[in-house]
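Below, each chain spelled out in residue letters.
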Amino acid sequence: MPTSPTPSIIVVAGIIRGSGHICLSKRADHQHQGGCWEFPGGKVEPGETLGAALARELEEELGMVDAISTPFMTIAHQYDDLHVTLHFRDVHAWQGEPEGKEGQSVQWFVPQALADLRFPAANQPVVNAIRLPEQLVIAPEDISLHELLAGIDRLDAGRQGLYLRQWSDHAEVSTIVGLCNKKGLKVWLRASGPQSEVIAKALGVFALHFPGRVLAQLDERPAFDGITSAAVHDLASRDKAVSLGLDMALVSPVLPTPTHPGKPALGWPQAEVLMKGTPLACYALGGVMPGDLVSARDYGAVGVAGIRAFWR
């Protein structure tokens, strides 16, 4: 006897930020995924835009009036009994203090506390993404350690992270990471082989990035407690990163870049296919500028990455 297709819904949810905290509400025990904390929001009604749907839901649920929001991340998730497409949006402005209009618990949390809370499974990728900076600055290959350390001092730890793509000297990396940790700057380290997880743990880096060659050799999620990242250039590498349960991806090259002249670029529409809906926090890399963040998020990225335009 044929089975009925799984019901499908479209949901919009708000990442409400204020004074370094994030506002969450708790689902009632009788609801789907009951007892979990969640980013407030609800179902999108026919004919509604995502922004209008979220503004309506936040007013009905939390008493927040005239909420203004922009895209942050989209995730498609298959539960046993339900397929959900979740459009998460950054809420920038509103009127009124959030409170549980439907009897639900509403609390503000510091971002690092979210890792200890129970969320619906579909929310976990955005919990990871919230911890990430909006820009990932790739350290240039042709500068000295002295120049690199001076450049790090100019970076903004609130908005930027640092990716050490070519740095391999253990003592120098230790010095670099030490300075970044003092500054509160998150560091990505390039994985080069089986011992990369051990080295990354010992150095105390925030994230470990797996280039295509190393990603292809993995058959399980790396034994690293921090953020795990993958180089994604096509559907095969994207699907490999998802199957391993990695946390994020650098999707490239989105646009033509001087670093790889003549290499075909994905273009924004194809990059969107790789980024939007996946449980990976994706960064657009290749030919993009810091000012491209807003448009990059429209195409499914949570951040932008690069060398020259970002390092300056």
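A. Molecular detail of the packing of aromatic side chains. Counted under the stated rule, the structure contains five aromatic pairs. Relative to F109, the ring of W37 has its centre 5.1 Å away and its plane inclined at 75°; by these criteria the two rings are edge-to-face. Of this pair, W37 sits in strand β3 (residues 37–38) while F109 sits in strand β7 (residues 106–109), and the two are 72 residues apart along the sequence. On the basis of relative accessibility, which here comes to 9%, the residue W37 falls in the buried class. Through successive ring pairs, a cluster of aromatic residues spans F39, F88 and F119.

B. Inspection of the pairing of strand β11 (residues 207–210) at higher detail. Here β11 shows a buried face lined by A207 and H209 and a second buried face lined by L208 and F210. For the handedness criterion, the β-α-β arrangement of strand β10 (residues 187–190), helix α5 (residues 196–203) and β11 is classed as right-handed. The pairing of β11 with strand β12 (residues 227–232) spans four bridges and is parallel. Bridged to F210 within β12 is A230.

C. Main features of the environment of G262. Residue position: G262 is located in the loop between β13 (248–251) and α8 (268–275). With 97 residues separating them along the chain, G262 and R165 place their C-alpha atoms 22 Å apart.

Cut-offs used in this document
- Residues numbered from 1 in each chain as written.
- Predicted model: local features only at pLDDT ≥ 70, side-chain atom pairs only at ≥ 80, totals over all residues.
- Heavy atoms only, no water.
- Phe/Tyr/Trp six-rings, centres within 6.5 Å; stacked < 30°, edge-to-face > 60°.
- Helix = DSSP H or I, 4+ residues; strand = E, 2+ residues; numbered from the N terminus.
- Buried < 20%, exposed > 50% of the residue type's maximum accessible area, 1.4 Å probe, protein only.
- Right-handed = clockwise from strand over helix to strand, strands pointing away.
- Pairing = 2+ DSSP bridges.

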